[in-house]
Amino acid sequence: MPFAVADRFKLLPPYLFAEIDKKKKAAMKAGHDVINLGIGDPDTPTPRVIVEALQKAAADPATHSYALDNGDPGFRNEIASFFKRRFGVTLDPDKEIYPTIGSKEALANFAFAFVNPGEITLVPEPCYPVYRGATYFAGGVPLYMDLREENDFFPDLDAIDPRDAARAKVLWLNYPNSPTGKLATKAFFEKAVAFAKKYNIIILQDAAYTEMYFDAKAISILEIPGAKDVALELHSCSKTFSMTGWRVGWACGNADLVQGLGRMKSNVDSGIWTAIQRASTVALQNYDAIVPPLMKMYKQRRDTFCNGLNAIGWNVRPPEGTFYTWIKVPKGATSAETTTRLLEEAHIVTTPGNGFGAPGEGYIRATLTVPEERLAEAVQRIKKLKW
Ligand SMILES: Cc1ncc(COP(=O)(O)O)c(C=O)c1O
């Protein structure tokens, strides 16, 4: 007997990546040497010091029970001291920090905690699809804000109709930005905070890539005076420490928003395994030994790939942060045509920009999650294609 999934799934746009996934599998099956620049998952393993901390913690029976509420105080204290060191921001570890099962979970639960049916959420496009999906699942109505190169990949808050702004509950932001690789400026965050205060809107700033920056340092929105009145920021150990599979991060900022998210979470999950929280504490303690070398590696990859593509006549603005490159397609081609040709003729997997929302048309996204020599090889293969 077929059981239909709930109608809310009908609200989600079609899965645009399915076709490319099919072609990727076919190319691999045919024995081609496929270079996969499609996934945003680090190719380096979790550093040993973190794995060993997990092993030790796993052997301690004190970690074997439910990790309820806002988690391990040792982890929250470490997050607070990291935040002070890194951003100069003081956080109350009990009221302003909440460990999460990665940022994806927190994004979805945040919408359920704060968005009522019919309420508007302001969603930047192109974007990580969860902002849109979480809004729909909560019964909200996404109102899109284009991220365009001519606006430096910032939403034009002045262009939002004041009547829509007055009805909006949430402004989703994501800097360092996926897929455009743009970092936030202080001036933009100041503007966003002033806008949120004017219209009584919550800012949900997704900072999953905040430790992936190459030239200028990425900032936290909580560095902006008054941001704590309106903002919740989500951080993640996933990309920073090559820990995507571990599912750990944290929400921080406004105490009421932290508490509301926690209330939702306590109804749907039972916390993060304490052993993982202890290992993540060790990760933060070893930040200086782990993170700068990783970011140096991504920077070298970025430079090899972007300089290589620009040298053969493509048009790539190197990302300021994240491990994504946001590449303009050749004149006359669409995003889908470009990814298809790259896959079929050069055996390189990329993602069509319009998969992240309509303003992504005209771009493709390629990730820096393969070794430098594979990126150099990708450039050589692309050079042979005629457009
Ligand atoms: C912009 C952005 N936010 C959040 C996430 C989710 O990361 P995690 O749930 O692993 O912290 C991703 C993952 O790719 C992402 O690209």
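Residues numbered from 1 in each chain as written. Predicted model: local features only at pLDDT ≥ 70, side-chain atom pairs only at ≥ 80, totals over all residues. Heavy atoms only, no water.

(A) Examining the site of the ligand more closely. In the vicinity of the ligand lie 15 residues, with S103, D206, S236, S238 and R247 positioned nearest. Contact distances for the ligand include 2.5 Å between a nitrogen atom and a side-chain N or O atom of D206. At 2.7 Å from an oxygen atom of the ligand is found a side-chain nitrogen or oxygen belonging to K239. Bound to the protein, the ligand loses 92% of the 400 Å² it would expose on its own. For the shell around the ligand, a count of residues per class yields five nonpolar, six polar and four charged. (Near = heavy atom within 4 Å. Polar contact = N/O pair within 3.5 Å; in protein donor to acceptor, adjacent residues only side chain to side chain. Areas by Shrake-Rupley, 256 points an atom, 1.4 Å probe, with all protein chains shown as cover. Nonpolar A, V, L, I, M, F, W, Y, C, P; charged D, E, K, R; others polar.)

(B) Focus on the sheet that holds strand β9 (residues 315–316). On the basis of which strands lie adjacent, the open sheet formed by four strands has the order β9-β10-β13-β12 and antiparallel pairing. Taken across any chain shown, the strands that pair with only one partner, and hence form the sheet edges, are β9 and β12 (351–352). Two strands pair when backbone bridges link them, and strand β10 (residues 324–328) and strand β13 (residues 363–367) are joined in this way by five bridges, in the antiparallel orientation. Across the sheet, the residue bridging to T325 is A366, located in β13. Set on the sheet, helix α11 (residues 335–346) makes contact with β12 and β13; between it and β13 the angle comes to about 40°. (Pairing = 2+ DSSP bridges. Helix = DSSP H or I, 4+ residues; strand = E, 2+ residues; numbered from the N terminus. Contact = heavy atoms within 4.5 Å. Axes fitted to C-alpha atoms, helices over the stretch in contact; angles between N-to-C directions.)

(C) Representation of the nonpolar core in the model. The biggest cluster of nonpolar side chains holds 96 residues, and the ones touching the most others in it are L171, I203, I221, F241, W250 and F305. Top contributing element to this core by residue count: helix α10 (residues 287–311), with nine residues. Built from parts of two domains, this core gets at least three residues from each of domain 1 (7–45 + 289–383) and domain 2 (48–286). (Core = buried A, V, L, I, M, F, W, Y, C linked by side-chain atoms within 4.5 Å. Buried < 20%, exposed > 50% of the residue type's maximum accessible area, 1.4 Å probe, protein only. Domains from an automatic or database assignment.)

(D) Just the pairing of strand β4 (residues 141–146), in detail. By the bridge criterion, six bridges tie strand β3 (residues 120–125) to β4 in an arrangement that is parallel. Note on β4: the bridge partner recorded for V123 is Y144.

(E) Highlighting the domain arrangement of the chain. Each assigned domain of the chain is listed here: domain 1 (7–45 + 289–383) and domain 2 (48–286). Every contact between the two is made by 34 residues of domain 1 and, on the other side, 36 residues of domain 2. For the pairing of domain 1 and domain 2, the buried interface totals around 3,200 Å² over both sides, and the portion due to carbon and sulfur atoms is 61%. Here E149 and K328 are joined by a salt bridge, their closest N and O atoms 3.7 Å apart. Between domain 1 and domain 2 we count 17 residue pairs in polar contact (both at pLDDT 80 or more) in total. Mapped onto the side of domain 1 that touches domain 2, the elements with two or more residues apiece are α10, β10 and β13. Looking at which element gives the most residues to the side of domain 1 that touches domain 2, the answer is α10, with eight residues. Here the residues of the side of domain 1 that touches domain 2 sort into 20 nonpolar, six polar and eight charged. (Buried area = accessible area lost by both parts, 1.4 Å probe. Salt bridge = Lys/Arg side-chain N within 4 Å of Asp/Glu carboxyl O.)

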